[in-house]
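Given next are the chains, with one letter for each unit.
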Amino acid sequence: MRVIAGSARGRRLFSPEGNSKKHAIRPTSDRCRESVFNILGNERVKGCRVLDLFAGTGALGIEALSRGAGETVFVDSGTESLTLIKRNLQAIGFLSYQLFKRDITKGLFFLGKRTAEPVNGEQVGFDLVFLDPPYQKNYCNQVLTELCDNGLVNLGGVVVCEEYRACELPEQSGILTVYDKRVYGDTGFWFYTRKA
């Protein structure tokens, strides 16, 4: 696994050792990450605030930082995942991040409720959210609802859901609407945006 583009381009990322079924970390492949960021475009990523949920190795959030994101918040429930994320961030030298060890399936309350209106002229939610839960557990639907209910996605923000290709995710989830869907092998990506 490597960083695809940006300031850390080509840097190798640490991956899970062996096939630990206990933690089941499933990193997004380099090919899929490259495709996702090509769809998003550099202008959408530059300077944005990123939330990486079910972060695993942190590859998606780290890719965003490499491409100029202002800050990434990484959230995962696994100690192994958080150790890998921290190790990867330290190896590259990124400093604009936060790490949370939380069970996302129990809610996103720890991120606080956000207002729909900017505070002191700045939006306080996230501009880009990556959601990569264990496949076929229906976590995407649950977390999409939580993101909307807590006002965590800024106006014009994007949520990228990674799920098994045959899963059915809604075209509309609260204030979020699908604007693109891509399939690579068994992996599907749903791109949601907040327009209002």
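### What to know about helix α3 (residues 59–66)
Of all eight residues making up α3, eight are buried, and the element is well covered by its neighbours. Three or more residues of α3 are buried, namely Ala-59, Leu-60, Gly-61, Ile-62, Glu-63, Ala-64, Leu-65 and Ser-66. Looking one or two places after α3, you find Gly-68, whose phi comes out positive at around 105°.

### Points about the pattern of salt bridges
Counted according to the given criterion, the structure contains five salt bridges. Residue Glu-63 is joined to Arg-33 by a salt bridge in which the shortest nitrogen-to-oxygen separation is 3.1 Å. Remark: Arg-33 occurs in helix α1 (residues 30–40) and Glu-63 occurs in helix α3; sequence separation between them is 30 residues. Comparing Glu-63 with Arg-33 shows no difference in burial state: the two are buried. The closest approach of N and O atoms between Arg-182 and Asp-180, which form a salt bridge, is 3.1 Å. If you follow the salt bridges from partner to partner, you end up with Asp-30, Arg-33, Glu-63 and Arg-67 in one network.

### Description of the nonpolar core
Core analysis: the biggest nonpolar cluster contains 31 residues, and Leu-40, Ile-62, Leu-128, Phe-130 and Val-160 have the highest contact counts within it. Listed by contribution, the elements that provide at least two residues to this core are α1, α3, α4 (79–92), β4 (126–131), β5 (153–164) and β8 (187–194). Among the elements that take part in this core, α3 stands out by supplying five residues, more than any other. In this structure, Phe-130 is in contact with Val-36, Phe-37, Leu-40, Val-50, Leu-51, Asp-52, Leu-53, Leu-60, Ala-64 and Val-160, ignoring residues within four places of it in sequence. Core analysis: the second largest hydrophobic core is formed by 26 residues, Leu-51, Val-73, Cys-140 and Leu-176 among them.

### Describing the pairing of strand β1 (residues 49–53)
Judged by how many residues are buried, β1 sits mostly within the fold: four of five residues are covered. Looking at chain direction, β1 and strand β2 (residues 71–76) are connected through five bridges and run parallel. Looking at β2, one finds that Val-50 is bridged to Thr-72. For the crossover from β1 across α3 to β2, the handedness is right-handed. Taken together, the four bridges between β1 and β4 define a ladder with parallel strand orientation. Its bridge partner being in β4, Leu-51 is matched across the sheet by Val-129.

About the thresholds
Residues numbered from 1 in each chain as written. Predicted model: local features only at pLDDT ≥ 70, side-chain atom pairs only at ≥ 80, totals over all residues. Heavy atoms only, no water. Buried < 20%, exposed > 50% of the residue type's maximum accessible area, 1.4 Å probe, protein only. Helix = DSSP H or I, 4+ residues; strand = E, 2+ residues; numbered from the N terminus. Salt bridge = Lys/Arg side-chain N within 4 Å of Asp/Glu carboxyl O. Core = buried A, V, L, I, M, F, W, Y, C linked by side-chain atoms within 4.5 Å. Contact = heavy atoms within 4.5 Å. Pairing = 2+ DSSP bridges. Right-handed = clockwise from strand over helix to strand, strands pointing away.

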